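These are the residues of each chain, in order.
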Amino acid sequence: MRKNFFAFLLAITLLLPSVAFGQAVVKISNAERAMATGVTAEQLKQYLYFVASDAMGGRDTPSQGLDVTAEFIKMNLWKWGFKPAGDNGTFFQKMTLNREAVDTANAFMEVGGQRYAFGEDFFRMAGNTTGTLEKPLVFVGNGWLVKSKNIDSYAGLDVSGKIVVVQMQGAPTNASLRILPKGVTQADLKPAAKGTDWADPAAYAQQKGAAGLIYIASPELQGFWGQIKQFLGRGGAMKVKGLEDEPAPTTSALPVILASQKVGEALFAGESANSVKTPDTAPFTFSPAKKIGISVKGITDTATTQNVVAIWEGSDPILKNEMVAIGAHYDHVGTNPNAPGPDKIWNGADDDGSGTVAVLAIAEALAKAKTRPKRSILFVWHAGEEKGLWGSEYFNKFPTVDIKQVVAQLNIDMIGRSRKADDVNPKNKDLSGENAIYVIGAEMMSSTLGAITKQTNDAYLKMTYDYRYDDPKDTNRFFFRSDHFNYAVNGIPVAFWFDGVHEDYHGPGDHADKIDYAKMEKVTRTIMLTMLEISDLKERPKVDKQLPAELTQR
Ligand SMILES: [Zn+2]
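Residues numbered from 1 in each chain as written. Predicted model: local features only at pLDDT ≥ 70, side-chain atom pairs only at ≥ 80, totals over all residues. Heavy atoms only, no water.

A. How the structure looks around the pairing of strand β19 (residues 406-412). A large share of β19 lies buried, amounting to seven of its seven residues. Relative to β19, strand β17 (residues 323-329) runs parallel, the two sharing five bridges. Bridge pairing in β19 links Val 324 to Ala 408. (Buried < 20%, exposed > 50% of the residue type's maximum accessible area, 1.4 Å probe, protein only. Helix = DSSP H or I, 4+ residues; strand = E, 2+ residues; numbered from the N terminus. Pairing = 2+ DSSP bridges.)

B. Representation of the environment of Glu 42 in the model. With respect to the helices and strands, Glu 42 occurs in helix α3 (residues 41-51). Given the relative accessible area of 45%, Glu 42 is considered partly exposed. As for Glu 42 and Ala 518, which are separated by 476 residues in sequence, their C-alpha atoms are 9.1 Å apart. Within the local environment of Glu 42, its side chain forms a polar contact with the side chain of Gln 46, the two groups lying 2.5 Å apart. (Polar contact = N/O pair within 3.5 Å; in protein donor to acceptor, adjacent residues only side chain to side chain.)

C. Inspection of the domain arrangement of the chain at higher detail. Its domain assignment divides the chain into domain 1 (2-12 + 31-97 + 302-418 + 425-537) and domain 2 (104-296). Centre-to-centre separation of domain 1 and domain 2, based on C-alpha positions: 44 Å. The interface of domain 1 with domain 2 comprises 14 residues on the first partner and eight residues on the second. Per-residue buried area on domain 1 facing domain 2 is highest for Thr 96, Asn 338 and Trp 390; these three make up 43% of the total on that side. Summed over the shared surface of domain 1 and domain 2, the result is zero salt bridges. At the boundary of domain 1 and domain 2, one finds two residue pairs in polar contact (both at pLDDT 80 or more). Elements represented by at least two residues in the side of domain 1 that touches domain 2 include exactly β2 (92-102) and α10 (390-397). Sorting elements by how many residues they give to the side of domain 1 that touches domain 2 places α10 first, with four residues. Residues of the side of domain 1 that touches domain 2, tallied by class, amount to eight nonpolar, four polar and two charged. (Domains from an automatic or database assignment. Contact = heavy atoms within 4.5 Å. Buried area = accessible area lost by both parts, 1.4 Å probe. Salt bridge = Lys/Arg side-chain N within 4 Å of Asp/Glu carboxyl O. Nonpolar A, V, L, I, M, F, W, Y, C, P; charged D, E, K, R; others polar.)

D. Focus on the sheet that holds strand β14 (residues 284-285). Judged by pairing direction, the sheet is mixed, and its six strands sit side by side in the order β5-β13-β11-β9-β6-β14 without closing on themselves. Both edges of this open sheet fall to β5 (122-126) and β14, since each of them pairs with a single strand only. Here strand β11 (residues 212-216) runs beside strand β13 (residues 256-259); their pairing, made up of four bridges, is parallel. Of the residues in β13, the one forming a bridge with Ile 216 is Ala 259. Its contacts with the sheet place helix α8 (residues 261-268) against β6 (137-139), β9 (163-167), β11, β13 and β14, and it is angled at close to 115 degrees to β11. (Axes fitted to C-alpha atoms, helices over the stretch in contact; angles between N-to-C directions.)

E. View of the sheet that holds strand β8 (residues 151-152). What the three strands build is an open sheet, ordered β8-β7-β10; its pairing is antiparallel. Each edge of the sheet is formed by a strand with only one pairing partner; in this case those strands are β8 and β10 (198-199). As paired strands, strand β7 (residues 145-146) and β10 are joined by two bridges and run antiparallel to one another. By the bridge assignment for β10, Val 146 is matched with Trp 198.

F. Representation of the side chain of Gln 306 within the structure. Take Gln 306: it is sitting in strand β16 (residues 298-312). Separated by 3.0 Å, the side chains of Gln 306 and Asp 67 make a polar contact. For Gln 306, the side chain forms a polar contact with the side chain of Lys 94, separated by 2.8 Å. Not counting chain neighbours up to four residues away, the residues in contact with Gln 306 comprise Leu 66, Asp 67, Ala 70, Phe 92, Gln 93, Lys 94, Met 95, Tyr 330 and Ala 383.

G. Representation of the coordination of the zinc ion. Coordination of the zinc ion by the protein is provided by His 329 (NE2), Asp 351 (OD), Asp 413 (OD) and Asp 413 (OD), with metal-donor distances spanning 1.9 to 2.5 Å. Around the zinc ion sit four donor atoms, and with donor-metal-donor angles ranging over 52 to 144 degrees the site reads as irregular. Within one chain, the residues serving as donors to the zinc ion are arranged as H-x21-D-x61-D. Of this pair, Asp 351 sits in helix α9 (residues 349-368) while Asp 413 sits in the loop between β19 and β20 (436-440), and the two are 62 residues apart along the sequence. Each member of the pair, Asp 351 together with Asp 413, is buried. (Donors = N, O, S within 2.8 Å, 3.2 Å for Na, K, Ca; no water. Tetrahedral: all angles 85-135°; square planar, octahedral: opposite > 155°, others 65-115°.)

H. Highlighting the nonpolar core. Ile 326, Phe 379, Leu 410, Trp 497 and Met 531 are the most contacted members of the largest nonpolar core, which has 76 residues in total. Summarising the domain contributions, this core has at least three residues from each of domain 1 (2-12 + 31-97 + 302-418 + 425-537) and domain 2 (104-296). Look past the residues within four positions of Phe 379 in its chain and what remains in contact with it is Phe 82, Val 308, Val 309, Ala 310, Trp 312, Ile 326, Val 359, Ile 362, Ala 363 and Leu 366. Formed by 29 residues, the second largest nonpolar core is a distinct cluster that contains Ala 325, Val 380, Ile 403 and Phe 496. (Core = buried A, V, L, I, M, F, W, Y, C linked by side-chain atoms within 4.5 Å.)

I. Representation of unusual backbone geometry within the structure. Residue Thr 61 is joined to Pro 62 through a cis peptide bond whose omega torsion reads -10 degrees. Residue placement: Pro 62 occurs in the loop between α3 and α4 (64-79). Put simply, Asp 351 and Asp 352 share a cis peptide bond, and its omega is -10 degrees. Position of Asp 352 relative to the elements: it lies in helix α9. One non-glycine residue, Asn 88, lies in the positive phi region at around 50 degrees.

As structure tokens, this is what we get:
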């Protein structure tokens, strides 16, 4: 009877999931359990030691280390017989990156016959000069207009056709290096009154017909010179062609320069106000003898990078047209030559080397398995996540597959670290334990996806699934901070696995020898089984829940 007994049992199991309760009920077959054992801690370790090695240089976007990692993934996919799903039958979806950069070789600043080097003593914040800009100078204090605070730095001054010099005081309020004048808060600058009641120094100088603007760094800002060098050293930020929302501000007509205190002293030498360090110096016109020359020309810097995209075709003649997507970001933040310590490479072993190799291990396990899932599996390794979810935004905006057929996206970003019981480091207070992991988003859009995610874990290793970051009010906003977000706003139900912030998060210490490979194996196998459960569902998971409004705007 046994055998028949078995056939009868199988029939029951198949019927149960969809008919009985409407909600998916997970039963993990022995075949599926066997497939999951294709993922091993040793395999994950070997791949991660490669991807997170110093040789990959922290996999910045774009960089050679990132490209080598892409080639590594591609070579393995080819070896395992995956179907290329990138551009034109390749495994790569190429992205063009444009940066409005400075022609640094020909950039210079000259004060009183003394030359200053770009990237050392001055940077370009916006605009370009045509040839060398040589104009009379006017000092305008903090350079702001804030009528509601009786601030008008240009009162009584004629600056048209001249270069205005602004003295920065205090520390910047954000990455745009903006410093508000004393007594003015952001709340005072009503967006509607921009340009009339108030104007920042660059806008006001432009309004007044100035030929250029020089900001003299405050002592506080001078302290950040190293970081500023990283940011402004080569010109503006990179943008992905096709994802730009508005043209780069550097196209504005006015050349805007950020100069060091040293240049400031050279400018002030011999003038009535004898030092740039004297705070709140009143506006004055520089002596006509003070000669200056500025040359900064913009060039467009172009680079390319890529998402890595592949398909493992499903076995069901109908369902194989639908896909379960699984992904990670294979980039990190590269190197920091100005890092205080000896280690200048941000290896990104956990972030997101762990996800990158977990997805690779699942691919290998699928390729080595005896059976195929019913639906196809779409693999996407995203580039540029650290730069602002570039790769996933690009893939959703310019999909290389019929994205309407993607029934769910499983995102893995940081699953390799665990908090030990005796760990008292406050930086690890939110790091999940050896048998725990955060799950984000799985219950937000599809109750079926939520049920399968939970039940697969319950029916398998019963890890602690922590859903606390699903709270839309959670200030960490992790739902916005990884690639699943772009699939979610594209209407695809998502589930995201994450181990929590820890002491080496975005630091030079995020190394492969600190990874808990036993935990990684458990999480990766569980995610693989979740993927298999979804791929074999009779019906694709319905999007039966609305994403909370505050979770749709980044
Ligand atoms: Zn990450």
